[in-house]
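Overview (structure and organization)
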Amino acid sequence: IRNCDWSSDVCSSDLPVQIEIKNYPFEHGFEPDHRLALEAAERARPGDIITSSNPKTLETVRRVFPEVPTGLIVEGSSSLEEAVDGCIQAGHSSVVAERGMVTEVVRFEIETYVWTVNEPSEAIELAQLGVSGIITDDAPAIADALRDDQ
């Protein structure tokens, strides 16, 4: 999310939403006060989760809105186990991992989501490994594949 001009389709849905906050210090539009993340957390509904790859953004959300679940987005620079340990220590309820980081059965104390998975066969494999959720650009195809695999 770069602004809080939220889609009425998403906000009127009963489905929980993962709200990714892109707030990198090296990018144009960086908000050192984490204003957008705080606005998103304030508007979060039960089940929604605020995610970011900027730990400072998530620290701010957790300090002001401790009841709102947060998740750190991680890439392959560390092992999934190290990322999970860091998330638990920071008080996050989930980790959002790059696809290549999930290679074995997921048995962690926090929810584990994977991004970006657009191949139905990969989604099935990840579901069988035990991930909590899959982030995709093709939700209908992935949902159909997972439904057919049950």
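Before reading on, note that the structure itself is shown above.
Scope of this entry: the structure provided in the associated data block.

Thoughts on a negative patch on the surface
On the surface, a cluster of negative charge is contributed by Glu81, Glu82, Asp85, Glu104 and Glu109. Looking at where Glu81 falls in the secondary structure, it is placed in helix H4 (residues 80–90).

Let's talk about the nonpolar core
Among the nonpolar cores identified, the biggest contains 30 residues, and Ile50, Val74, Leu80, Val95, Val102 and Leu126 are the most heavily contacted of them. Going through the elements one at a time, helix H2 (35–43), helix H3 (55–64), strand S3 (70–74), H4, strand S4 (94–98) and helix H5 (120–129) are the ones with two or more residues in this core. With 4 residues, H4 is the single largest residue contributor to this core. Not counting chain neighbours up to four residues away, the residues in contact with Val74 comprise Ala83, Val95, Val96, Ala97, Glu98, Met101 and Trp115.

Regarding the packing of aromatic side chains
A full pass over the atoms with the stated rule returns 1 aromatic pair. Taking the centre distance of 5.6 Å and the plane angle of 25° together, the rings of Tyr24 and Phe26 count as stacked. The class for Phe26 is exposed, based on a relative accessible area of 69%.

Observations concerning the environment of Asp137
Inspection of the secondary structure puts Asp137 in the loop between strand S6 (133–134) and helix H6 (139–149). In this structure the C-alpha to C-alpha distance between Asp137 and Pro55, which are 82 residues apart in sequence, comes to 25 Å. Not counting residues within four places of it along the chain, the set of residues in contact with Asp137 comprises Thr116 and Asn118.

Details of the side chain of His92
With respect to the secondary-structure elements, His92 resides in the loop between H4 and S4. Judged by relative accessible area, His92 falls into the buried class, the value being 8%.

Quick word on the pairing of S4
Summarising burial for S4: 4 of the 5 residues are buried, a large majority. In the sheet, S3 pairs with S4 via 4 bridges, with the strands oriented parallel. In the sheet register, Ile73 faces S4, and the bridge partner there is Val96. Here 5 bridges tie S4 to strand S5 (residues 111–115), and the two strands are oriented parallel to one another. Bridging from a neighbouring strand, Glu98 pairs with Trp115 of S5.

Focus on the sheet that holds strand S1 (residues 18–20)
The strands that make up a sheet pair up through hydrogen bonds in the backbone, lying either parallel or antiparallel. Spatially, S1-S2-S3-S4-S5-S6 is the arrangement adopted by the 6 strands of the open sheet, whose pairing is parallel. Each of the sheet's edge strands pairs with one partner strand only, and the pair in question is S1 and S6. Packing of H4 onto the sheet brings it into contact with S3, S4 and S5, and relative to S4 it is tilted by some 150°.

Regarding the packing of H5 against H6
Their axes nearest at 9 Å, the elements H5 and H6 cross at an angle of 55°. Of the possible angle classes, the one that applies to H5 and H6 is oblique. Once H5 is placed against H6, the crossing between them reads as right-handed. Of H6, the residues touching H5 (which contributes Pro120, Ala123, Ile124, Ala127 and Gln128) are Ala141, Ile142, Ala145, Leu146 and Asp149.

Thresholds, definitions, all that
- Residues numbered from 1 in each chain as written.
- Predicted model: local features only at pLDDT ≥ 70, side-chain atom pairs only at ≥ 80, totals over all residues.
- Heavy atoms only, no water.
- Patch = residues over 30% accessible without salt bridge, like charges linked within 9 Å, V, L, I, M, F, W, Y side chains within 5 Å.
- Areas by Shrake-Rupley, 256 points an atom, 1.4 Å probe, with all protein chains shown as cover.
- Salt bridge = Lys/Arg side-chain N within 4 Å of Asp/Glu carboxyl O.
- Lys, Arg positive; Asp, Glu negative; His and termini not counted.
- Charge placed at Lys NZ, Arg CZ, Asp CG, Glu CD.
- Helix = DSSP H or I, 4+ residues; strand = E, 2+ residues; numbered from the N terminus.
- Core = buried A, V, L, I, M, F, W, Y, C linked by side-chain atoms within 4.5 Å.
- Buried < 20%, exposed > 50% of the residue type's maximum accessible area, 1.4 Å probe, protein only.
- Contact = heavy atoms within 4.5 Å.
- Phe/Tyr/Trp six-rings, centres within 6.5 Å; stacked < 30°, edge-to-face > 60°.
- Pairing = 2+ DSSP bridges.
- Axes fitted to C-alpha atoms, helices over the stretch in contact; angles between N-to-C directions.
- Parallel < 35°, antiparallel > 145°, perpendicular 65-115°, else oblique.
- Left-handed = near helix turned anticlockwise from the far one by under 90°.

Worth remembering: the numbers are spatial, not functional.
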